[in-house]
Amino acid sequence: MRMFRKSVVLALVVLVGLVGGAAARKYEGVTITVFTQPPPYIAKPVMMFAPDWEKATGAKINLVTAPWGELYPKMYASFGLAEALFDIVIFPAAWLPDFASAGFLVPLDEFIAKDPYIQWEDILPIYRERIVSWEGKVYAVPLDGDCHIFYYRKDALENPEYQAKFKEKYGYDLPVPPKTWKQVRDIAEFFHGWDWDGDGQVEYGVVEPRRYAGQADWCFFSRTVGYVALPGQPGGLFFDPETMEPRINSPGHVRALEDYVEIMKYGVPGMINMDSGEIRSVFAAGLAAMAIDWGDIGVISEVGEESTVRGKVGYAVLPGSDEVWDFSRGTWVKLAEPNQAGYLAFGGWVAGIAHNSKHIEAAYDFISYLSRPENSYISVTTPETGFNPYRYSHFEKLSGWIGMGFSAEAAEAYLKAIKDTIGHPNVQPDLRIPGQARYFEAVDRALSRVVAGELTPKAALDEVAKIWDQITNELGRDKQLLYYRLSLGLPPK
Amino acid sequence: MGNLGQREKRLLISPAVILLLFFTLFPFVFTLALVFGKVSFIGGKIAIQFAGVSNWVRLLHDQRFWNAVLVTLKIVGIAVTAEYCIGLVLALLLYKKPFGCGFFRVLYVVPMLLTPIAVGYTWRMIFDVGRGPITGILQRVGVNPIGWLVDPNIALYSIIITDVWQWTPFMFLLLYAGLEAIPKDYLEAADVDGATAWRKFVYVIMPLLAPPSIAALLLRSVECFKIVDIIYIMTGGGPGQATESLTLFGYNVGFRAFDLAYGATIAFSLFFMVLIAAMFFTMLTRSLRAIRLE
């Protein structure tokens, strides 16, 4: 009998515990649909953190993915419905102006203000204040910090024998890392077409994407920023913030495009047909002395199983130029130090909530869970998530990076290059106005025609300027000007 | 079934008809609306505003469109002709049932069974100017590497070679089946008359092979007009605009620049081109039938 009583009491305790536990789970029965690109990149962190969040909240995460080309139209289709197909959309920050200006996203300021876990101030200001905000409101939470950095082979550029030969040939010390694109050109020429690492294979000067739809447009702007982003003059990279006149065909842009074409002579064979994914594996295979990329080359080179360059890679902010085009005076300005303004290419992946979601609170809770410091640190230090650091805390601890496979020295250098780029006082954000994809497509098209020899740099950029004007007129010049100024942090005119 | 009236018959097939209409007519009408419209996004809703023929005017003045038309026509003209000729030769070789005929019949068909994406990646690696096997072989015999996919003057032909490699088996299969269907009496009668192999080919085989030939050419041309996957993987339409087909152009405009209305207009222009090609082959079939009846 005592045994029976004990069993009953125990069963009651368990039952109460279960009922109590279930009652404490605040989103029991709710299903949150998350939409982004297929795993591993970008979707992987959702898969990593969904089980724990589901256990804690009682909700379910339904991950839906689509290839890159289908993301934008499918998101738009869902936004247009009475009830959203996708509660959370994880998308490139460059699309935020399109979505926010059309009223497709839920403002998140109130949620963030009440959220003790997200630690908003830990996110770097450029991301929390500029990248995810629109007309003064926050519409998304950053999950990824994107900027282009410069990669070089330390074993080549720091080799004393090569340094002496370089000085003999070019009349100046081989700069490590290079500070101007002119120096990059010379170094690329020097290391092009011979076996400088003694592996029995011929190596080349550089590897950069040049393929249409292969993210070459971001590479072009990375090469342009030093020529046109004069400190104190906002908007040099894209439009005149007073008139919305395109600046894409300025002498600075033309010079950058001439460099962009010339460096191909010292590129890995077939570079004209390479996208950014391919250049990563080519660099990690040890075929090039220098490259431009997001944080991915660093991870693939230091952690990738097939990398032959582990521990041999140097990291730096993008090179720039001694001369910068002054838009206000219409002339080149010579600076004492090269202008190495960083460029937040792409701007990273962000998570927003659809305006027609029926589970806004639960959706925010999951986004917050993904972005909170401890979880996002795991995301940015796990291979194949596609997420790069964007919080102060991501740069503070090296343990995650070392656990990932970096050496302490490599991790420090890698993080420093990213931090110096993002924290540069003259860092240039990417284009963040409605129609961004159309403006960039026109540039991408022109670049591919220039590298194929169909157009000269000047003619191509003049054509882009015309197309940009047409797009601006079609979307409404005044509105676009207002949005452009806001994206630069300038007050409305 | 025999007892069913017209009404019952219609009722029974109506679900299939409704589904067919929904999945073909609705997208067609929607695309048509886009062709004469402009898509905008206001207050969280997608709106299509009437824009008259502005998309068509833009299309006719677009150099990139005319380039894509030319690229597509070149691919269709050269690739389909080559596929037909090679397919015919292979079919004639196997028609005589040589030793190993069964093995070769299966072997010839293999490329057609692969997905275009896999074919694209395979040939992209083969044609790679830096590390591809062709470059390796050429360098061993002292020949400079050829820019198969990176030279604007050659890239289109590399795409055509790949398409021919994948789709010649399709021609081969149809023509082989056509050859098998030729009554043996005709060929025996020609033998009795002392006709040479060439005369038998020209005066007996080819006329009897005309209907399957036209069917094969029509089906392959229609498919080839829509070529996109191989190009997307191998060159992305480049270098420059050297290999951008109409379908790829429409995809880039619609899904990279997100200019849906203009993308739909490009798709419609392709529809007209395919329609013209189909009408041409249908007329050809009718003419041949008329000649045979005479």
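Predicted model, so just to flag it, every value in this text is computed and none were measured.

### What to know about helix 7 (residues 155-180) of chain B
Here is step 1: Along its 26 residues, helix 7 of chain B runs 38 Å from first to last C-alpha, staying within 8% of the 38 Å computed at 1.5 Å per residue.
Here is step 2: Maximal helix bending in helix 7 of chain B amounts to about 40°, located at B:Trp167; proline B:Pro169 follows within four positions.

### Notes on the confidence of the model for chain B
A low pLDDT score tells you not to read the predicted coordinates there in detail.
Here is step 1: Overall, the predicted model of chain B reaches an average pLDDT of 90, with 96% of residues at or above 70.
Here is step 2: For this predicted complex, the interface score ipTM comes out at 0.82, alongside a pTM of 0.87.

### So, the side chain of B:Gln166
Residues and elements named next belong to chain B.
Here is step 1: Examined against the element boundaries, Gln-166 turns out to sit in helix 7.
Here is step 2: Overall, the relative accessible area of 0% leaves Gln-166 in the buried class.
Here is step 3: If we skip the residues at most four places from it in the chain, Gln-166 touches Pro-111, Met-112, Leu-114, Thr-115, Pro-116, Val-119 and Ile-230.

### Digging into the side chain of B:Asp128
Here is step 1: Summarising the element assignment, B:Asp128 is placed in the loop between helix 5 (116-126) and helix 6 (133-140).
Here is step 2: Among the residues examined, B:Asp128 registers a relative accessible area of 17% and is labelled buried.
Here is step 3: A distance of 2.7 Å separates a polar atom in the side chain of B:Asp128 from the backbone nitrogen of B:Gly130.
Here is step 4: The residues touching B:Asp128, leaving out its near neighbours within four places in the chain, are A:Glu278 and B:Thr135.

### Overview of the packing of aromatic side chains
Here is step 1: Following the criterion strictly, the structure yields 74 aromatic pairs over all chains and no others.
Here is step 2: Here the aromatic rings of A:Tyr72 and B:Phe258 are separated by 3.5 Å at their centres, their planes lie at 15°, and the arrangement is stacked. Here the residue A:Tyr72 occupies a position in helix 3 (residues 68-79), and B:Phe258 occupies one in the loop between helix 11 (246-256) and helix 12 (260-293), the pair thus bridging two chains.
Here is step 3: In this structure B:Phe258 comes out as buried when scored by relative accessible area, which is 15%.
Here is step 4: With a centroid separation of 5.5 Å and an interplanar angle of 75°, the aromatic rings of A:Trp325 and A:Trp332 are classed as edge-to-face.
Here is step 5: A:Trp325 gets classed as buried once you look at its relative accessible area, which sits at 12%.
Here is step 6: Its end group placed over the ring of A:Tyr212, B:Arg256 keeps NZ or CZ at 5.0 Å from the ring centre.

Analysis parameters
- Residues numbered from 1 in each chain as written.
- Chains lettered and ligands numbered in written order.
- Predicted model: local features only at pLDDT ≥ 70, side-chain atom pairs only at ≥ 80, totals over all residues.
- Heavy atoms only, no water.
- Helix = DSSP H or I, 4+ residues; strand = E, 2+ residues; numbered from the N terminus.
- Expected span 1.5 Å × (residues − 1).
- Bend = angle between axes of the 7 residues up to and from the residue.
- pLDDT = per-residue confidence, 0-100.
- Buried < 20%, exposed > 50% of the residue type's maximum accessible area, 1.4 Å probe, protein only.
- Contact = heavy atoms within 4.5 Å.
- Polar contact = N/O pair within 3.5 Å; in protein donor to acceptor, adjacent residues only side chain to side chain.
- Phe/Tyr/Trp six-rings, centres within 6.5 Å; stacked < 30°, edge-to-face > 60°.
- Lys NZ or Arg CZ within 6 Å of the ring centre and 35° of its normal.

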